[in-house]
Amino acid sequence: MNLPPTGRTTEDLLAEVARLKEHDLPVRGGQVTAYVYDTGRAEVNDAATAAYLEMLEVNCLDPTAFPSVVEMERQVVGAVADQLGGGHGIFTSGGTESIMLAVKAARDSSRRARPNLVLPVTAHPAFHKAAHYLGVEVVAVPVDLATYRVRAKDVAAAVDADTILVVASAPSYPQGVIDPIEEVAAVAAAAGLPFHVDACVGGWLLPWLRAAGAEIPPFDLSVPGVTSISCDLHKFGYAPKGASVVLFADPAMRRKAYFASAGWPGYTIINATVQSSRSAGPLGGAWATLQALGREGYTELGRATLEATTRLREGIAAIPGLRVLGEPESSLVAFEGVDVDVFVLADEARARGWFLQPQLSYAGIPANLHITVTGVTLGGVDSMLKVIAESASAARSRGPVVLPDGLVDLVAGLDLDALDDAAFADLAASVGVDLRPGAGQPEMAVVNTVLDALPAAGREAVLVRFLSVIYGS
Ligand SMILES: *Cc1c(COP(=O)(O)O)cnc(C)c1O
């Protein structure tokens, strides 16, 4: 029985929530180097939580009914615009939604029968998702395999008569490097095309790293030719999840992101975002986080983040067998194993209480581990380096994952649609992965090695099936 016959007390419910969260990764403290962003300042979380709860039941659906939403959004968007070269913004639920709206605005500003968008292979999958939802094709451009940055001339060569939008990242997530924004902007401008800079992860990080002394090239709406930019506040803004801003240089372009409908006999619909009814909680949380930290708070966090990143990069470079990929300007650091299996290394680190994010090989870029350095990292950077060094040497002793003969061919050749969930679970069990509820965290090295050996379409098919199996019927 999922629904109890009679209501339960709050105390009882909270006890169950605590039990449900028992095997979650910790969201604070810095030992989880992906997914969560921690200032290390409890008072900031407290302010955000209080404002979030205060706004929780306010509905962003109708700004005339709840003018607090308009005022708060104007303040939040205004703060982001002040940092990123101006523009006209929308507060969204996250990077994916910001990107969705930027792609929709570009699509609806042009009239092409088979629209495409041109992006580097390192651009975030949110663009593939937006393209998929909006009926746009993706033209992916390889990056320079020494710097991991796209080359403007390759972008120029990929643009054609059906292109509706050019995309580059500041920085790209996988290696934390900034694409040559000014050069790509010039290419887009020369072709008369809009150019979106994905600064989802960097938009609220790079300005503060720059203030702390890092060399950050121009990347925002102040660069001629940049027509829109996305900036997630639920990353380096340190706001609770559900907070991002997309800015358009031209207010007419922002209107192309909006959606209105009077095509029914009910209430009129005018939405700035994909969602319609929507809690103002995340807006309140983002607003309070910005206000609680202020310019001084973000500058201090930027300084700590920059110092931690420098120490981490130098520390990893000094560990035998590991190599940092590229020269990231941001605080995202990826490293490969020269004679160490990084997937085994990640499992070893996990056993020591640290989560490092595995990234599969793609488009000539080797498999690697990714670390997002945040404000809280500095205090634990020596412990992190010690764990990485120990885990690397443990992984070297264990040796790389060796898959059973023929396994990859078997998985690659499977017709996953013809397989039922139980057969898929059996297949997973054959490589030691127990997908049954409550089985806990498997050793991921084998899974990652299988995925790494598959082409992208095969990886996607396995991932979709995995999700449907864990959610059950
Ligand atoms: C995180 C991220 C996104 C997507 O953001 P979500 O908030 O997870 O939807 C897009 N682009 C980049 C570069 C990112 O780092």
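Scoring rules and cut-offs
- Residues numbered from 1 in each chain as written.
- Predicted model: local features only at pLDDT ≥ 70, side-chain atom pairs only at ≥ 80, totals over all residues.
- Heavy atoms only, no water.
- Helix = DSSP H or I, 4+ residues; strand = E, 2+ residues; numbered from the N terminus.
- Buried < 20%, exposed > 50% of the residue type's maximum accessible area, 1.4 Å probe, protein only.
- Contact = heavy atoms within 4.5 Å.
- Areas by Shrake-Rupley, 256 points an atom, 1.4 Å probe, with all protein chains shown as cover.
- Lys, Arg positive; Asp, Glu negative; His and termini not counted.
- Charge placed at Lys NZ, Arg CZ, Asp CG, Glu CD.
- Core = buried A, V, L, I, M, F, W, Y, C linked by side-chain atoms within 4.5 Å.
- Domains from an automatic or database assignment.
- Phe/Tyr/Trp six-rings, centres within 6.5 Å; stacked < 30°, edge-to-face > 60°.

**Q** Got a minute to help me understand the overall build of the chain in this structure?
**A** Across its full length, the chain carries 16 helices and 13 strands. Dimensions along the principal axes, computed over C-alpha positions, put the chain at roughly 65 × 60 × 50 Å. The 473 residues of the chain split such that 49% are buried. Considering only contacts within the chain whose residues lie at least 6 apart along the sequence, 73% involve residues at least 24 apart. Surface exposure of the chain reaches about 22100 Å², of which carbon and sulfur atoms provide 56%. Looking at charge distribution, the chain has the averaged site of its 35 positive side-chain charges lying 4 Å from that of its 53 negative ones.

**Q** In this structure, what is going on with the nonpolar core? I would like to understand it.
**A** The nonpolar side chains of a soluble globular protein tend to be buried, and buried together. Residues Ile181, Phe195, Phe219, Leu233 and Leu247 are the most contacted members of the largest nonpolar core, which totals 69 residues. When residues of this core are assigned to domains, at least three fall in each of domain 1 (46-290) and domain 2 (300-398). Filtering out sequence-adjacent residues up to four positions away, Leu233 remains in contact with Val76, Val80, Trp204, Tyr238, Ala239, Ala243, Ser244, Val245, Ala286 and Leu290. Residues Leu322, Val333, Leu369 and Ala392 belong to the second largest nonpolar core, which totals 29 residues.

**Q** Help me understand the packing of aromatic side chains, please; the structure alone is not making it clear to me.
**A** Here a ring pair, both rings aromatic, is described through the centre-centre distance and the interplanar angle of the planes. With the rule as written, the count across this model stands at 7 aromatic pairs. Ring geometry for Tyr35 versus Phe355: centroids 5.5 Å apart, planes at 35 degrees, classification tilted. Note that Tyr35 is positioned in the loop between α1 (10-20) and α2 (42-55) and Phe355 in the loop between α11 (342-351) and β12 (357-359), a separation of 320 residues in sequence. Given a relative accessible area of 10%, Phe355 falls into the buried group. Summarising the aromatic geometry, the rings of Trp264 and Tyr267 are spaced 5.2 Å apart at their centres and angled 80 degrees between planes, so their arrangement reads as edge-to-face. An aromatic cluster of at least three residues, connected via ring pairs, comprises Tyr37, Phe236 and Tyr238.

Any functional reading would require information beyond the geometric quantities listed.
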